[in-house]
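# Inside the fold
Single-letter residue listing:
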Amino acid sequence: MLLRQLMVVAALLVANQSDAEEFDYVDRFSNTVTTTHEVAYTIKISEPFQSLGELHHRQESNGHMFRVSFAAFANGSDIILIHAETLEDASGMLNYHHLPAGEINGVTVGLREQCLPMEAEASLAGNREALFVKDQGFKLQLPFLLMQHLIASENGNAELVLSYGRHVENCAEISTAFRSEIQARIARAIELEPIPD
């Protein structure tokens with residue numbers, strides 16, 4: 001009986017491992033990440049940010065299933081998140097032309113701001129990425145502001161999302177000076193370069 005249980009556990013581990021390794025959209029060497037899907041970029045993260053590693057998983061958002069390769073880098077209470085994602089249904093729904101335009105060292109991106117309030121603690125308990133960075137030693141303290149930079153592929157089936165996160169005192173009271181400080185930190189910490197076809 002014990003042997004049969006061990007065989008079942010081993011089979012499940014192999015199945016989960018092969019499922020996780022079915023896709024990997026990031027090549028990481030030290031503090032440089034190269035995306036390997038349709039939104040092909042090299043992202044260089046400056047020191048003293050240190051890698052927290054990678055996570056590859058599937059995730060549902062707005063009724064669509066995504067394949068997600070995720071890499072994270074931390075410097076004290078600041079974190080940089082890199083998401084290279086593809087749509088499983090190839091519906092072409094990814095488009096960020098409606099977002100305000102910004103840039104990272106000359107590359108045009110869509111800008112989006114998200115702030116996680118204290119009340120988000122319960123929802124983060126089941127978030128694989130939040131659990132991952134916590135397991136790697138990052139202290140995720142709410143409220144937490146994410147300044148996101150988004151690029152979608154021309155066919156709308158893949159995206160690159162670069163997020164810079166930092167603790168804030170209150171999501172409802174984020175000053176212009178604080179936002180400017182984060183933008184300056186982003187300019188110093190992230191270098192983004194397209195990979196030629």
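See the structure shown above.
It should be emphasised that the depicted structure is a prediction, and the values quoted were computed from it without experimental measurement.

This part covers the side chain of S163. With respect to the element layout, S163 can be found in strand β10 (residues 158-167). One polar contact links S163 to Q148, side chain to side chain, over a distance of 3.2 Å.

Taken together, four strands build an open sheet; the order of strands is β1-β2-β3-β11 and the sheet is antiparallel. Pairing within the sheet leaves two strands with one partner each, and these edge strands are β1 (26-29) and β11 (190-194). Neighbour-to-neighbour, the strand axes of this sheet turn through a mean angle of 15°, independent of strand direction. In this sheet, strand β3 (residues 41-45) lies alongside strand β2 (residues 32-35) in antiparallel orientation, the contact comprising three bridges. The partner of T32 across the bridge, within β3, is K44. Contacting β3 and β11, helix α4 (residues 176-189) crosses the sheet at an angle of about 60° to β11.

Our focus in this paragraph is the pattern of salt bridges. One pass over the full model with this rule turns up eleven salt bridges. For the salt bridge of E88 with R67, the shortest nitrogen-to-oxygen distance reads 3.1 Å. Separated by 21 residues along the polypeptide, E88 in the loop between β6 (78-87) and β7 (101-104) and R67 in strand β5 (residues 64-75) bring together distant segments of the chain. Taking relative accessible area as the criterion, E88 reaches 36% and is therefore assigned partly exposed. Ionic pairing is found between R166 and D78, a salt bridge with its closest N-O pair at 3.0 Å. Linking R166 in strand β10 with D78 in strand β6, this pair joins segments that are 88 residues apart in sequence. In this structure, R166 and D78 share a single accessibility class: buried.

Okay, the environment of V39 next. Position of V39 relative to the elements: it lies in the loop between β2 and β3. Taking the C-alpha atoms as reference, V39 lies 5.5 Å from S153; in sequence the two are 114 residues apart. The residues touching V39, leaving out its near neighbours within four places in the chain, are I151, A152, S153, A158, E159 and L160.

Let us look at the pairing of β7. Covered by surrounding structure in β7 are G102 and I104 only, the residues A101 and E103 on the alternate face being uncovered. Where β7 hands over to strand β8 (residues 107-116), the hairpin turn is made up of two residues, of which N105 adopts a positive phi near 35°.

In terms of residue burial, β5 counts as a mostly covered element, since nine of its twelve residues are buried. Alignment of strand β4 (residues 50-61) against β5, held across eleven bridges, turns out to be antiparallel. Note that in β5 the partner of S51 across the bridge is F73. Counted between consecutive antiparallel strands, the loop separating β4 from β5 contains two residues, among which N62 sits at a positive phi close to 50°.

Turning our eyes to something else, we now look at the side chain of S69. Mapping S69 onto the fold places it in strand β5. When near neighbours in sequence (up to four residues on either side) are disregarded, S69 contacts F23, D24, Y25, V26, L55, H56, I82, H83 and A84.

Let us now look at the sheet that holds β10. Across the sheet, which stays open at both edges, the seven strands sit in the order β4-β5-β6-β10-β9-β8-β7 with antiparallel pairing between neighbours. Edge positions in the sheet fall to β4 and β7, since each of these pairs with one other strand and no more. Strand-to-strand twist across the sheet, computed as the mean angle between neighbouring axes with direction ignored, equals 30°. Each of β4, β5 and β6 is contacted by helix α3 (residues 128-135), which is oriented at about 165° to β4, the strand it contacts most. α4 contacts β6, β7, β8, β9 (144-152) and β10 of the sheet and is inclined by roughly 125° relative to β10.

Conventions used here
Residues numbered from 1 in each chain as written. Predicted model: local features only at pLDDT ≥ 70, side-chain atom pairs only at ≥ 80, totals over all residues. Heavy atoms only, no water. Helix = DSSP H or I, 4+ residues; strand = E, 2+ residues; numbered from the N terminus. Polar contact = N/O pair within 3.5 Å; in protein donor to acceptor, adjacent residues only side chain to side chain. Pairing = 2+ DSSP bridges. Axes fitted to C-alpha atoms, helices over the stretch in contact; angles between N-to-C directions. Contact = heavy atoms within 4.5 Å. Salt bridge = Lys/Arg side-chain N within 4 Å of Asp/Glu carboxyl O. Buried < 20%, exposed > 50% of the residue type's maximum accessible area, 1.4 Å probe, protein only.

Honestly, that's just the spatial picture; any functional story needs more than this.
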